[in-house]
Amino acid sequence: MKKIRKWILLPLILLLSGNSYGQAPSDSIYYNRLFYTCKVWGHVKYYHTEVAKGNINWDDALIDALPGIKEAPDNKSFNDSLQLMINRAGEMEVSSDALPENVDSLNNNSDYSWIQNSIFSESVKEQLEIIRNRFRPQTNVYISKNVVISFDRDTLYYSDSDYPSESMRILALYRYWNIIHYFFPYKYIMDQDWGKTLTEFIPPIIKATNALSYTLTFKKLSTRINDSHGYLSSPTLMKWEPHSYNYPPFHIRFIENETVIMHVKEEFTDVKTGDIVKKIDGIDIYTLRDSFRQYAHGSNDVFIDKQVSMMVWRGYAGS
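The residue numbers shown here count from 1 along each chain, following its written sequence. Local features are withheld for residues below a pLDDT of 70 in this predicted model, meaning they are given only at 70 or higher, and side-chain atom pairs are given and counted only at 80 or more; totals for whole chains, interfaces and linings count all residues. Only heavy atoms go into the side-chain values, all of them from the structure, while hydrogens and water stay out.

1. Quick word on the packing of helix α1 (residues 27-47) against helix α7 (residues 194-207)
Alright, step 1. Taken N-terminus to C-terminus, the directions of α1 and α7 make an angle of 125°; their axes are 10 Å apart at the nearest point. Classified by the angle between their axes, α1 and α7 sit oblique to one another. For the element pair α1 and α7, the recorded crossing hand is right-handed. Within the contact between the two elements, α1 uses Tyr 30, Tyr 31, Leu 34, Phe 35 and Cys 38 and α7 uses Gly 195, Leu 198, Thr 199, Ile 202, Pro 203, Ile 206 and Lys 207.
Alright, step 2. Partitioned by chemical class, the residues of the contact of α1 with α7 number nine nonpolar, two polar and one charged. Inter-axis angles, ranging from 0 to 180 degrees, are taken between N-to-C directions of lines fitted to C-alpha atoms, where helices are fitted over the stretch in contact. Numbering of helices and strands runs from the N terminus; a helix is a DSSP stretch of H or I covering at least four residues, while a strand is a stretch of E covering at least two. Any angle that falls under 35 degrees is termed roughly parallel, while one over 145 is termed roughly antiparallel, one within 65 to 115 roughly perpendicular, and all others oblique. Crossings are classed by handedness, with left-handed meaning an anticlockwise turn of the near helix from the far one by less than a right angle and right-handed meaning a clockwise turn. Contact definition: two residues touch when any of their heavy atoms are within 4.5 Å. Any residue outside Ala, Val, Leu, Ile, Met, Phe, Trp, Tyr, Cys, Pro, Asp, Glu, Lys and Arg is labelled polar, Gly included; the first ten of those are nonpolar and the last four are charged.

Laid out in structure tokens, this is it:
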């Protein structure tokens, strides 16, 4: 198991009006930097020839860059940290091959306008454009192609904790976000722009105070792809999800906006098929369902409501 580095950060001293102040960037500035760092890191990961070959440990490059990105006193220092990270990838190969022509339907997810954002220095923009323009289809150590595309190398998490450090939480977020960004074919028809989803989830990933809050934040993120096959599993989540066999002696379904009791065991006479659940342990059923809905994955309301009903029936720890 790889050991996570320990960093000693020297305080940044700003000289203002003849006085010395130690001033860290605001949270909003930090979150905005993380948004664009995610895009830069993913762009190099999947486009750069040397990273694709596995010659560079691109996870390490990010972990090494994050302290400077967080503590940079100004935008120039932020770009200097990005520049150092990009430089780790080395020189991008030049190919004489022409790019294949794709039908328009295969370009729905393509958007490189972010490269020209004013947050980047001209030098960083130039490097990102070089990587983009020199890219040609290539094998990539981070991608396995069998029956389906898999990302086995990204399962090497470098942490033996259910509640990893801030840098490792950021790495996990970046991995997941970029996989969807580059490889999910239906990204352009999601309920919410995937870039806005990144903006939304950076703060709670940073602010997660324990393993459960971190894991549930990721579970909420996994539902945003609007896919019935997209789900999250982890040891922490298994503690939150009950696996007892002490379920109620009936099933429930969500029918016409009501939680209806179905399939009651014959020996149980306290309720009958067709009864409507209004409260559980004094909590309004709609309040309870709403609290679980954010963790339910699915491509349509019927499937999502089915997942919510399962959570209600099994008595999740969140209830």
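Still more to cover.
2. Let's talk about the nonpolar core
As a rule of thumb, nonpolar side chains are buried together in soluble globular proteins.
Alright, step 1. Nonpolar cores are built from buried Ala, Val, Leu, Ile, Met, Phe, Trp, Tyr and Cys residues. Side-chain atoms within 4.5 Å join them into one set. Categorising residues by exposure relies on relative accessible area from a 1.4 Å probe, with only protein chains included: less than 20% of the type maximum marks a residue as buried, more than 50% marks it as exposed, and the intermediate range marks it as partly exposed. Leu 34, Trp 58, Met 85, Phe 120, Leu 128 and Ile 202 are the most contacted members of the largest nonpolar core, which has 60 residues in total.
Alright, step 2. By residue number, the principal contributor to this core is α1, which donates eleven residues.
Alright, step 3. Setting aside its immediate chain neighbours within four residues, Ile 202 contacts Tyr 31, Leu 34, Phe 35 and Leu 173.
Alright, step 4. Residues Ile 261, Tyr 295, Val 308 and Val 312 belong to the second largest nonpolar core, which totals 18 residues.

3. Describing the packing of helix α4 (residues 75-87) against helix α5 (residues 122-134)
Alright, step 1. Where α4 meets α5, the closest approach of the two axes is 10 Å, and the angle between their N-to-C directions is 30°. With respect to α5, the element α4 is oriented roughly parallel. Considering the relative orientation of α4 and α5, their crossing is left-handed. Contacts between α4 and α5 involve Asn 79, Leu 82, Gln 83, Ile 86 and Asn 87 from the first element and Ser 123, Val 124, Gln 127, Leu 128 and Ile 131 from the second.
Alright, step 2. Of the residues in the contact of α4 with α5, the class split is five nonpolar, five polar and no charged.

4. As for the pattern of salt bridges
Alright, step 1. When a carboxyl oxygen of Asp or Glu lies within 4 Å of a side-chain nitrogen of Lys or Arg, that pair is called a salt bridge. Tallying each qualifying case throughout the model produces 16 salt bridges.
Alright, step 2. The partner of Asp 80 in a salt bridge is Lys 76, with the nearest N and O atoms 3.1 Å apart. One end of the pair is Asp 80 and the other is Lys 76, both in helix α4 and four residues apart, which spans about a single turn.
Alright, step 3. Overall, the relative accessible area of 36% leaves Asp 80 in the partly exposed class.
Alright, step 4. When the shortest N-O distance is used, the salt bridge between Asp 305 and Arg 293 registers 2.7 Å. Remark: Arg 293 occurs in helix α10 (residues 285-293) and Asp 305 occurs in helix α11 (residues 301-314); sequence separation between them is twelve residues.
Alright, step 5. Since its relative accessible area comes to 32%, Arg 293 is described here as partly exposed.
Alright, step 6. Within this structure, Lys 45, Asp 59, Asp 154 and Arg 175 form a network of salt bridges that share partners.

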